[in-house]
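# Coordinate analysis (summary)
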Amino acid sequence: GSVGVRLCRTYAEVEEHASELLEASVNERGIPSAPGLLMEEFVEGPEYSAEVISGRVVAITGKHLSQPPAFVETGHDVPPMYEAAAVDVIEQAMEQIVSALSLGDAPAHIEFRVSAGRIVPIEVNPRVAGGHIATLVALATGVDLVEQVIRYYCGLPVSISTRAGTPASVRFQVAARSSVVVAVGGVEEALRSAGVVQASVTRKPGDRIQLHGDFRDRVGYVIAKGATSAEAAQNAECALARMNLRLE
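Chains are numbered independently. Their residues run from 1 in the order of the written sequence. Residue-level local features of this predicted model are given only where pLDDT is at least 70; pairs of side-chain atoms are given and counted only at 80 or more, and the full residue set underlies all totals for whole chains, interfaces and linings. Excluded from the side-chain calculation are hydrogens and water; included are all heavy atoms of the structure.

### A closer look at the overall build of the chain
Helix numbers and strand numbers start at the N terminus; a helix is a DSSP run of H or I with at least 4 residues, a strand a run of E with at least 2. When you go through the chain residue by residue, the secondary structure sums to six helices and eleven strands. When a residue's accessible area, from a 1.4 Å probe over protein chains only, is under 20% of the maximum for its type it is buried; when over 50% it is exposed; and in between it is partly exposed. Split into buried and exposed, the 248 residues of the chain put 40% on the buried side. Carbon and sulfur atoms make up 51% of the accessible area of the chain, which totals about 13,000 Å². Positive charges are assigned to Lys and Arg, negative charges to Asp and Glu, while His and the chain termini are left out of the count. Every charge is mapped to an atom, namely NZ of Lys, CZ of Arg, CG of Asp or CD of Glu. A gap of 7 Å separates the mean positions of the 21 positive and 30 negative side-chain charges of the chain. Residue exposure ignores everything except the shown protein chains as possible cover, and the areas themselves are Shrake-Rupley values with a 1.4 Å probe.

What follows is the structure, given as structure tokens:
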């Protein structure tokens, strides 16, 4: 969920952020955790994820992020609206990653960027994707990732035969500042908008919003479909604009 992830451009920024991470004794849910930090090279370029099961790529997701230094995921598109590398090259690279890590037929959610023609893995998660990506994949390919993962762990046959579905997008409403929610509106209007499948505000009046620069800043979402990925994205963005939180 991008918790604790920051872009640091100077040594002073690294030192400041590292100090915060090393002082933490619990995670974002209050569960005790060992302090530590991981430093990685920052890679420029569009970001994607691959949704994998049984060693095969079921779908590629285009990802939208907030402005640095945080990396809040603000939206996803299945399939992506842009393609910076050939799909077959991406799929081959993802399947090589799964093989190299000996994940076998288990599910995997692999995040990567395409930079100057290079496919650069960012992280590999041995699980189904979050952020409503499974819903988008089901709409776009007909494959229910959650169902197939349950079948896998129950020892039942897994089917990942895809079909031509409907491109789908999710867009998240992200709080602009720390505040208190006074009123929520526009959800019904959003649900009546073109192509909308789901719409929800995930905060209620009286809730206090504390900005963290991660997934906790998201306060609502819209899932929409369209004839093309661009249309699905436009439908989601238009509907999201109709939802509102009044803050103080």
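### Quick notes on the nonpolar core
In these notes, a set of buried Ala, Val, Leu, Ile, Met, Phe, Trp, Tyr and Cys residues joined through side-chain atoms within 4.5 Å is what counts as a nonpolar core. One finds V58, V78, L136, V137 and V170 to be the most contacted residues of the largest nonpolar core, which totals 18 residues. Secondary structure elements with two or more residues in this core: strand 2 (56–65), helix 3 (133–141), helix 4 (145–153), strand 6 (168–174) and strand 10 (218–225). Here this core takes four residues from helix 3, the largest share from any one element. Residues are treated as being in contact if the distance between any of their heavy atoms lies within 4.5 Å. Excluding residues that lie within four positions of it along the chain, L136 makes contacts with H76, D77, V78, A168, S169, V170 and I223. Judged by nonpolar contacts, the second largest core, of 16 residues, contains V181, V187, A239 and M243.

### Some thoughts on the confidence of the model for the chain
Atom-level detail of predicted coordinates should not be read off regions where pLDDT is low. By definition, pLDDT measures how confident the predictor is in each residue, and it falls between 0 and 100. When pLDDT is averaged along the chain, the result is 93, and 99% of the positions lie at 70 or above. Model confidence for the chain, summarised as mean pLDDT per element, is weakest for strand 11 (residues 244–247) at 88 and strongest for helix 6 (residues 229–240) at 98.

### Here's the deal with the environment of K204
Mapped onto the elements, K204 comes out in the loop between strand 8 (196–201) and strand 9 (208–209). Along the primary structure K204 and A224 are separated by 20 residues, whereas in three dimensions their C-alpha atoms are 23 Å apart. The residues contacting K204, other than those within four sequence positions of it, are V181 and V184.

### Let's talk about the sheet that holds strand 2
Pairs of strands are assigned from DSSP output, requiring at least two bridges between the strands. The sheet built from eight strands is open, its strands ordered 5-4-1-2-3-6-10-8 with antiparallel pairing. Single-partner strands in this sheet number two, and they are strand 5 (118–125) and strand 8. Put simply, the sheet's adjacent strands are angled 20° from each other on average, direction ignored. One ladder, built from five bridges, connects strand 8 with strand 10; its direction is antiparallel. The residue bridging S200 from the neighbouring strand is Y221, located in strand 10. Across the face of the sheet, helix 6 comes into contact with strand 3 (73–78), strand 6, strand 8 and strand 10 while running at roughly 30° to strand 6. All axes here are fitted lines through C-alpha atoms, helices being fitted over the stretch that makes contact, and every angle between N-to-C directions spans 0 to 180 degrees.

### Thoughts on a nonpolar patch on the surface
Candidate patch residues must exceed 30% relative accessible area and have no salt bridge, after which like charges are joined if within 9 Å and Val, Leu, Ile, Met, Phe, Trp or Tyr side chains if within 5 Å. We define a salt bridge as a contact between a side-chain nitrogen of Lys or Arg and a carboxyl oxygen of Asp or Glu at a distance within 4 Å. There is a patch of nonpolar side chains on the surface, built from L22, L37 and M39 and spanning about 310 Å² of accessible area. On the basis of relative accessibility, which here comes to 47%, the residue L22 falls in the partly exposed class.

### Re the pattern of salt bridges
In this structure the tally under the stated criterion is nine salt bridges. The residue E47 makes a salt bridge to R113 at a minimum N-O spacing of 2.8 Å. Pair noted here: E47 is in strand 1 (residues 47–53) and R113 is in strand 4 (residues 108–115), with a separation of 66 residues, a long-range link. Exposure class is identical for E47 and R113. Each is buried.

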